[in-house]
Structure formats: structure tokens, C-alpha cells
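# Fold and contact review
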Amino acid sequence: MKDPSNGGSDDPETSCRAHWDHRTANRSRCPAEPARSASPTPPATPPDLKALVADLRTADQGRIDRAALAMEQLGPRAAAAVPELAEILDMDRPESRRHVLAVLRSIGPAAAPAVPAIRRKLFHADFHTQYWACRALGAVGPAAKVAVGDLRQLLSQDAVASVRRNAAITLGQIGPEIGTDAVETLIAALRDKMHPVRVEAALALGNLGKAGTPALPELRLALIDARRSIKPAAAIALWRLTKKADALLPVLLRELKDGDLPSDAAAAFAAFGADAAPAVPELRQLLESDNPETVMSAMEALGHIGLPAAAARERIAALAKDPEEEIAEVAKAALEKISPSDRRVP
């Protein structure tokens, strides 16, 4: 069985979400996303919502694809169609069910009336459908609280890794009202056998505010446990729960310099923002590294810190002229964040 979130690979470690595409700020289109038979041009005039819903009820895959794409582009403006979308979802037609879940996800919190229908797909035989059901519930947010027990079950059972990972994400998106049992399930997932699941469990716990504080001891262990490989995610969660950066910044700096995924450490600085300013001198030193990956990750981190990283601006401006295109692009992006009013690279 192929995992839908990692390019069809049997190895969910190479997931499309677990490792952020920091450098481009764009995530690749997840292979689990419903396939389109073509790349239709968006309509010049607002589409007829009733006509689009009618197309979703047909057996014509091309019409289904085009209708779903148009409705996704409408997002919350398609909310009036939610009752009919729930009805179509309950029909469980393989040619449309994942499309319908993707549309409901794009509608967001206004899709709350469809939660019972979405919830019924969490244990579907097709794990792609499970995956998209999780994502749709996460987009609904707190109003999907009724599905917490099912999500806990998915996260704790031997489901496909992308499904477990998205169950963790969704629990974090539902928020603090998930209850103590769900918090314990997320804490247990910090020791999941799959790295992407561990990462998302940590980030989800960080989203829970006071409700996530029972996870502090386990997150602190994850911060020093190299075997779990989730130090940046654990640092983000600890920062969100405690707002104490002093003990976390040295960990991120070590990961950025010597870790297996320095870009993960760099991206973690986005959670800290200006509160990571004490790390600027050491990050500035890393710009002199012979390792291009270290240099780019340090620039990303400085960009996330923003204006307090101005002391590194001169060196980054020089790197913006580097003959290596990737280094130059990362430098320009960092400069834009550090000095947004000055769009010209010196």
C-alpha cells in the first residue's frame, strides 16, 4: 500500500508536509490530492454553484474535476453548497469523494455542518480518503471536536503513517478543547516509529496552550534525544507553551550547524521571531561557513528574526551577489524580511 503523502512511496519519511519547504515557502502539491484530468482555466465570471454541484453528481470525471477545482477556488464562498456536498460524500462514489473532501477543506470552518459526513470517512477502506477526511476536519477547526475520539484512534492504531500524521495535525487544529485523553495520545505519538508523526505530534501539542502543558516533560526529553530527530519541532512546541527562549535557542543553533535537517532548525526560528535576537551574533558567524547548506539555513533563520538581525545585513547583501543562484535567492529573501522597506539589493 502506497502512502499518499510522500509521492506514492512506501516510506512515509519523505512526506510532503513533514519536512517544510522552507527555502521556497511553497509546499509541493501532495500526491494524495485528487487528480485532475486536465488543467482547466478558472472561469472569467463567478461560477454557478448549483451547476458545479450538479457536475459533482455526474459520472463524467472531467466535469467532476473541473467543478471541484472551481469550488476549491471559491473556498468559503462555496459554503452554501455544504449540505449537498455532505450528501454527495455519503454517496461514497470513488470518482468524487476525495474531490468533495478537498472542497470541504477549502471552505474551512463554514463546512462544520458536514462534519458528521466527513467523520464517517475517517475509517474508510481507502486510506487516501482517510487522509483527506483528516485534512477537511482540521480545516473546520474547533467545530470538529466531535471527531476527537476517532482521531485519537487513528493516531494510536497502526494506520498508514500519513493518516496518523494528519490525525495529529487535526487534533492540533481543533485546539485546546480536545481533552486530556487526546493530549495523552499526542504525547505518546512523540515516540511514534515514524519521524513525520513525531514532528506533527510535537507541533500539535504546541498549539494547545495551557492544555498542552502536561507534555512539557516529554517535549524536554525530545529536545535532548537525538534518536527522535525532532529537536526543532520540540523547541517550537516548548516555546509556544512556555515563551522561554533561553534554553531553546542554543539547541536550534546546534541543529542548524550540525543537525541532519538544518533547514528544519532554520524554519523553527520563525516561531520565535524577534525573540530569537540573542542568536543573531552566532548566526552571523555561521554565514562564514564553508558549508552552503549551513550558510543558507543561517540566512533563513536571520530572515525569520527580521529587523533585529540587521547586524548581519551587510554580509547577507554580499551573499545576494553569490554566483550560486540558490544562495543568492535565499539571501535576497532574507534581506527582504530584515529590511522590508529597502527592496533593492546593494
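See above for the structure.
First, a word on scope: everything that follows refers to the structure included in this document.

It is worth spelling out the packing of aromatic side chains at this point. Applying the stated rule across the entire model yields two aromatic pairs. Taking 5.6 Å as the distance between ring centres and 75 degrees as the angle between the ring planes, the aromatic pair formed by Y131 and W132 counts as edge-to-face. Grouping residues by exposure puts Y131 and W132 together as buried. Note on W239 and F272: the rings are 5.0 Å apart at their centroids and 20 degrees apart in plane angle, and the pair reads as stacked. Remark: F272 occurs in helix 14 (residues 262-272) and W239 occurs in helix 12 (residues 231-242); sequence separation between them is 33 residues. The ring of W132 is capped by R135, whose NZ or CZ atom sits 4.7 Å from the centre of that ring.

Its 12 residues give helix 10 (residues 195-206) an end-to-end C-alpha distance of 17 Å, which sits within 8% of 16 Å, the value for a rise of 1.5 Å per residue. Summarising burial for helix 10: 12 of the 12 residues are buried, a large majority. Looking at the buried side of helix 10, the elements it contacts are helix 7 (148-156), helix 8 (161-174), helix 9 (180-189), helix 11 (216-224) and helix 12.

Turning next to the packing of helix 7 against helix 8. Remark: helix 7 packs on helix 8, axes separated minimally by 8 Å, with the N-to-C direction vectors making an angle of 145 degrees. Note that helix 7 runs across helix 8; the crossing there is left-handed. Contact residues: helix 7 offers V148, L151, L154 and L155, while helix 8 offers V163, R164, A167, A168, T170, L171 and I174. By residue class, the composition of the contact of helix 7 with helix 8 is nine nonpolar, one polar and one charged.

The rules we used
Residues numbered from 1 in each chain as written. Predicted model: local features only at pLDDT ≥ 70, side-chain atom pairs only at ≥ 80, totals over all residues. Heavy atoms only, no water. Phe/Tyr/Trp six-rings, centres within 6.5 Å; stacked < 30°, edge-to-face > 60°. Buried < 20%, exposed > 50% of the residue type's maximum accessible area, 1.4 Å probe, protein only. Helix = DSSP H or I, 4+ residues; strand = E, 2+ residues; numbered from the N terminus. Lys NZ or Arg CZ within 6 Å of the ring centre and 35° of its normal. Expected span 1.5 Å × (residues − 1). Contact = heavy atoms within 4.5 Å. Axes fitted to C-alpha atoms, helices over the stretch in contact; angles between N-to-C directions. Left-handed = near helix turned anticlockwise from the far one by under 90°. Nonpolar A, V, L, I, M, F, W, Y, C, P; charged D, E, K, R; others polar.

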